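Remarks on the overall topology
Below, each chain spelled out in residue letters.
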Amino acid sequence: MSMRGAFLNKPNEILIKETEIPEPKAGEVRVRLSKVGICGSDVHLFLGHRLLANPTIIGHEGLGFVDKIGEGVINRNIGERVAIEPNIPCRKCQYCMSGRGNICTNKRVIGLTEAGCFAEYVTLPTEFAWKIPDEISDEDAVVLEPSAVAIHALFMTKTKSGDAIAVIGLGAIGLLVTHLALSLGYQVFVSELNAAKVTMATDMGAIAVSPAGDLDAQTAELSKIWLENNVSAVFECAGSAFTASLATAAAPRGSEIVLVGLSGNLATFTPLKIAREGIHVVPSIIYDHPFDFARTIQLIRSKTICPSFIISSYASLENLQSALEAAATGNESKIVVNILNK
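The notes below deal with the structure included here. All values derive from a computational prediction rather than experimental measurement. (Residues numbered from 1 in each chain as written. Predicted model: local features only at pLDDT ≥ 70, side-chain atom pairs only at ≥ 80, totals over all residues. Heavy atoms only, no water.)

1. Some details on the overall build of the protein
Using the following cut-off: Secondary structure elements are taken from DSSP: a helix is a run of H or I of four residues or more, a strand is a run of E of two residues or more, and numbering for both begins at the N terminus. Between the two quantities, the radius of gyration covers C-alpha atoms and the globule rule is 2.2 Å times the number of residues to the power 0.38. Here's how the labels work: a residue is buried when its accessible area is under 20% of the maximum for its type, exposed when over 50%, partly exposed in between, all with a 1.4 Å probe on protein chains only. Any two residues whose heavy atoms approach within 4.5 Å are treated as being in contact. Only the protein chains shown count as cover for residues, and the accessible areas themselves come from Shrake-Rupley with a 1.4 Å probe.
Secondary structure summary: the protein contains eleven helices and 18 strands in total. Since a compact globule built from 342 residues should have a radius of gyration of about 20 Å, the 20 Å found for the protein is in line with a globular shape. Sorting the 342 residues of the protein into buried and exposed places 53% on the buried side. In the protein, the proportion of contacts linking residues at least 24 apart, taken out of those at least 6 apart, comes to 68%. Surface exposure of the protein reaches about 15200 Å², of which carbon and sulfur atoms provide 53%.

This is the structure we're talking about:
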């Protein structure tokens, strides 16, 4: 039997074609996918910023139903609604053994190192297919994975409810960090070029700061505002060398700079400022298994956060090419691809 799969054939070219339905191995389940979100990393792959060795089914923000159960799997039922945790650490290397599976050099990544979710079916280890409680809607469940990224980032810091933070860049992750922080009682200052995304943040209760000019001018403006408001952590979510340099230059004394964006270009910073002012640079990459997904599910289930607000439009699997092109403009906050209409 065959299924439809969306292969990234080469940069800027998606091919929808029939491919063999995967069979779950021992310890795995097969998931019949229903909805899949488009991530910024999918866009980077599509644009050729990171090259794949072979045509690959991309996509990793998956939601679906358990369709088949592999040998040795217990306590799972056919038809269970599940969300995909796509980063699968080896659990054997020195990083995994020290509790840092998020930086495992051997991790399997669905939609990157192996077939992904822009298809009708995907297989994965059973513990990485998270059962979704009935109280959680499909719309909230399909953005569970990026929500876990935001939750991991916020909880990497020493900040707490009542503190002020700043978020630079309001893509999906920046908006989710903002939403989470506001929901937990933080004051949030946001900076973003896209006016519609600024409105999304301010409608939630964030305070917009729109610095203008070159790096020095923007640094001066943000430094003043952040210092006056006791900003204790700055989240760089834009993923550009300029904003990483800006965050570092403008961060208040004693604060934390959380690098969430994934720019591959060189940024600049002044070591004297970092050391003399006691500023901590905190890396935040994906999430910790299993803690962050479990915590995210609980926060959604309790209605503390409702992350589906970031969904801006829907597309079909057949229209994935145009959906990725739309996502690349930066005007969408989250496009969700419908695989199975149910």
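Having seen the model, we can carry on.
2. Observations concerning the packing of helix H5 (residues 172-183) against helix H6 (residues 195-204)
We count it as follows: Angular values range over 0 to 180 degrees, each being the angle between N-to-C directions of two axes fitted as lines to C-alpha atoms, with helices fitted over their stretch in contact. Between 65 and 115 degrees an angle is taken as roughly perpendicular, under 35 as roughly parallel, over 145 as roughly antiparallel, and anywhere else as oblique. For this classification, Asp, Glu, Lys and Arg are treated as charged, while Ala, Val, Leu, Ile, Met, Phe, Trp, Tyr, Cys and Pro are nonpolar and the rest, including Gly, are polar.
Where H5 meets H6, the closest approach of the two axes is 10 Å, and the angle between their N-to-C directions is 10 degrees. Considering the angle they form, H5 stands roughly parallel to H6. Taken together, the residues of H6 that come into contact with H5 (itself represented by Leu 175, Thr 178, His 179 and Leu 182) are Lys 197, Met 200, Ala 201 and Met 204. A class-by-class count of the residues in the contact of H5 with H6 yields five nonpolar, two polar and one charged.

3. Section: helix H8 (residues 241-250)
An α-helix turns once every 3.6 residues. As a result, residues three or four positions apart point the same way. Along H8, eight of the ten residues are buried, which leaves the element largely enclosed by surrounding structure. Buried residues of H8: Ala 241, Thr 243, Ala 244, Ser 245, Leu 246, Ala 247, Thr 248 and Ala 250, and no others. The inward-facing, buried residues of H8 abut strand E11 (164-168), helix H7 (215-228), strand E14 (231-236), strand E15 (256-259) and helix H9 (271-276).

4. A look at the packing of helix H1 (residues 40-47) against helix H11 (residues 320-328)
One can describe the packing of H1 onto H11 by two numbers: an axis separation of 10 Å at closest approach and a directional angle of 105 degrees. With respect to H11, the element H1 is oriented roughly perpendicular. Along its contact with H1, which presents Asp 42, Val 43, Phe 46 and Leu 47, the element H11 presents Gln 321, Leu 324, Glu 325, Ala 327 and Ala 328.

5. A word on the pairing of strand E18 (residues 335-338)
We apply this condition: When DSSP locates at least two bridges between a pair of strands, those strands are taken to pair. With strands facing away from the observer, any crossover in which the path from the first strand over the helix to the second runs clockwise is taken as right-handed.
Along E18, one buried face is formed by Ile 335 and Val 337 and the opposite face, lined by Val 336 and Asn 338, is buried too. Sheet topology note: the strand E3 (residues 28-37)/E18 ladder contains three bridges and is antiparallel. The residue bridging Val 36 from the neighbouring strand is Val 337, located in E18. Judged from the four bridges that link them, strand E17 (residues 313-316) and E18 form a sheet pairing that is parallel. Considered in E18, the bridge of Ala 315 is made with Val 337. On the question of chirality, the crossover connecting E17 to the parallel E18 by way of H11 is right-handed.

6. Focus on the sheet that holds E15
Pairing within the open sheet is parallel, and its six strands lie in the order E13-E12-E11-E14-E15-E16. The open sheet has two free edges, formed respectively by strand E13 (207-208) and strand E16 (280-283), since each of these has just one partner strand. Here E11 runs beside strand E12 (residues 187-191); their pairing, made up of five bridges, is parallel. Residue pairing across strands places Ala 164 opposite Gln 187, the latter belonging to E12. Here H5 sits on the sheet in contact with E11, E12 and E14, set at roughly 165 degrees to E11.

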